[in-house]
Amino acid sequence: MSLDVSPQLLAEAENGQVREEDFVDTVRTSLPYAYDLIARLVGELGAGQAEFADNQTPPPSEKERGQLLRALSSDAIRGSLERHFGVALAFQNCHRVAVFPPEARGGSTYTRFTSLRSQILNQSPEFRDC
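The following refers to the structure shown. (Residues numbered from 1 in each chain as written. Predicted model: local features only at pLDDT ≥ 70, side-chain atom pairs only at ≥ 80, totals over all residues. Heavy atoms only, no water.)

Checked against the element boundaries, threonine 109 lands in helix α6 (residues 108-113). For threonine 109, a relative accessible area of 10% translates into the label buried. If we skip the residues at most four places from it in the chain, threonine 109 touches Glu51, Phe52 and Phe100. (Helix = DSSP H or I, 4+ residues; strand = E, 2+ residues; numbered from the N terminus. Buried < 20%, exposed > 50% of the residue type's maximum accessible area, 1.4 Å probe, protein only. Contact = heavy atoms within 4.5 Å.)

Bringing the pairing of strand β2 (residues 88-91) into the picture now. Strand direction decides the pairing type here: β2 and strand β3 (residues 97-100), joined by 4 bridges, are antiparallel. Note that in β3 the partner of alanine 88 across the bridge is phenylalanine 100. If you look at the hairpin formed by β2 and β3, you'll find 5 residues sitting between the two strands. (Pairing = 2+ DSSP bridges.)

Under the definition given, this model contains 5 aromatic pairs. A ring pair is formed by phenylalanine 52 and phenylalanine 100, whose centres lie 4.9 Å apart and whose planes are at 25°; its orientation type is stacked. Here phenylalanine 100 lies in strand β3 and phenylalanine 52 lies in the loop between α3 (32-47) and β1 (53-54), a separation of 48 residues in the sequence. Residues phenylalanine 100 and phenylalanine 113 carry aromatic rings whose centres are separated by 5.7 Å and whose planes lie at 70° to one another, so their mutual orientation is edge-to-face. Pair noted here: phenylalanine 100 is in strand β3 and phenylalanine 113 is in helix α6, with a separation of 13 residues, a long-range link. Per residue, the accessibility class of phenylalanine 100 equals that of phenylalanine 113, and both read buried. Chaining the aromatic ring pairs together yields one cluster made of Phe52, Phe100, Tyr110 and Phe113. (Phe/Tyr/Trp six-rings, centres within 6.5 Å; stacked < 30°, edge-to-face > 60°.)

In structure tokens:
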């Protein structure tokens with residue numbers, strides 16, 4: 001299961017409207033590695049002059065890798081994290097996630113990071129089964 005949904009949040013969903021802040025809190029507590037990694041990258045982006053901040057360190061275990069993959073493969077989770085942190089997320093392999101300012105979408109650096117060429121160049125045999 002991707003998220004540990006509280007009975008209260010489930011009731012909200014069953015009744016129609018879910019507050020995004022409640023959803024993001026559920027993501028934070030259910031997928032702490034993914035949430036904390038993105039929060040750290042957002043801090044790095046804000047503290048520096050670089051056009052983006054990215055992670056190139058593999059997760060410490062498959063549990064954490066699974067959290068990251070679940071967070072970034074879900075449109076709802078990914079979109080909520082982007083809105084919550086005010087960033088655009090980009091993802092290449094099983095751990096290389098990057099945060100960009102939202103206005104970077106469509107720009108040259110974002111386009112280069114998300115290009116077919118970059119995806120191919122960022123491959124390695126150890127990522128084959130990740």
